[in-house]
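# Coordinates in review
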Amino acid sequence: MFLNSIKAVFKQIGLLILIYALTRVLFYFFNYAYFSFDAFLSALFYGIRFDLAVIFLLNNVLFFLLFLPLKFISNSFFQRTYQVLFIVVNALALLFNCIDIVISSSFKKDPLSTSLLPWEVKTMVGR
């Protein structure tokens, strides 16, 4: 059972890394005018570390529950509940990740150099 839990966690992590990489590709597709291809490749490579941190922060409790040596973990109700929680938590995270694609492409601004909220610049400068 423990080996199955490890395999399941690695499959879930791999799937999430692919999905986050896909959102990064979509972000580049909608905002390619603001980035060079080299910057895009660099973001794909270095983004994996960030994605892993986000995945573990969001799912650490769920992953921990799978490794507990308790009988109820093999229960079908627990497995369904785990799957639903996993999907809900990660779907919300991906939703927030995709919001950036929509906002930056709809405003047609460089998402790294300009602020969408002008009052943030004033507070940062100290005026």
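Relevant structure appears above.
Presented here is a report on the structure given in the accompanying data block. In this text the structure is predicted, and so the values were computed from the model without any measurement. (Residues numbered from 1 in each chain as written. Predicted model: local features only at pLDDT ≥ 70, side-chain atom pairs only at ≥ 80, totals over all residues. Heavy atoms only, no water.)

Largest kink in helix 2 (residues 37-66): about 65°, centred on N59. For helix 2, every residue scored as buried is listed here: F40, G47, D51, I55, N59, L62, F63 and L66. (Bend = angle between axes of the 7 residues up to and from the residue. Helix = DSSP H or I, 4+ residues; strand = E, 2+ residues; numbered from the N terminus. Buried < 20%, exposed > 50% of the residue type's maximum accessible area, 1.4 Å probe, protein only.)

Taken as a whole, this structure holds one salt bridge when the rule is applied. In this structure, D51 engages R24 in a salt bridge whose closest nitrogen and oxygen atoms are separated by 2.9 Å. Residue D51 is located in helix 2, and its partner R24 is located in helix 1 (residues 2-30); the two are separated by 27 residues in the primary sequence. (Salt bridge = Lys/Arg side-chain N within 4 Å of Asp/Glu carboxyl O.)

A few words now on the side chain of N90. Positionally, N90 belongs in helix 3 (residues 76-107). Among the polar contacts listed, one links the side chain of N90 to the side chain of N59, at a separation of 3.1 Å. If near-sequence neighbours (up to four positions away) are discounted, N90 is found in contact with L16, L58 and N59. (Polar contact = N/O pair within 3.5 Å; in protein donor to acceptor, adjacent residues only side chain to side chain. Contact = heavy atoms within 4.5 Å.)

This part covers the packing of aromatic side chains. Here the structure, examined in full by the defined rule, presents seven aromatic pairs. Seen from their ring centres, Y28 and F37 are 6.4 Å apart, and the 65° between their planes marks the pair as edge-to-face. According to the relative accessible area criterion, Y28 is buried, its value standing at 18%. Judged by centre distance (6.1 Å) and plane angle (75°), the rings of F56 and F63 are edge-to-face. Given the relative accessible area of 5%, F63 is considered buried. These aromatic residues form a ring-pair network of at least three members: Y28, F37 and F40. (Phe/Tyr/Trp six-rings, centres within 6.5 Å; stacked < 30°, edge-to-face > 60°.)

Our focus in this paragraph is the nonpolar core. Counting residues in each nonpolar core, the largest one holds 14 residues, and the members touching the most others are Y20, I55, F63, L66, Y82 and F86. Those elements that place two or more of their residues in this core are helix 1, helix 2 and helix 3. At five residues, helix 3 tops the list of elements feeding residues into this core. Formed by five residues, the second largest nonpolar core is a distinct cluster that contains Y28, F35, F40 and I101. (Core = buried A, V, L, I, M, F, W, Y, C linked by side-chain atoms within 4.5 Å.)

Moving on: a nonpolar patch on the surface. Among the surface-exposed residues, V84, V88, L92, L95, F96, I99 and I103 lie close enough to one another that they form a single nonpolar patch of about 620 Å² accessible area. For I103, the position within the fold is in helix 3. (Patch = residues over 30% accessible without salt bridge, like charges linked within 9 Å, V, L, I, M, F, W, Y side chains within 5 Å. Areas by Shrake-Rupley, 256 points an atom, 1.4 Å probe, with all protein chains shown as cover.)

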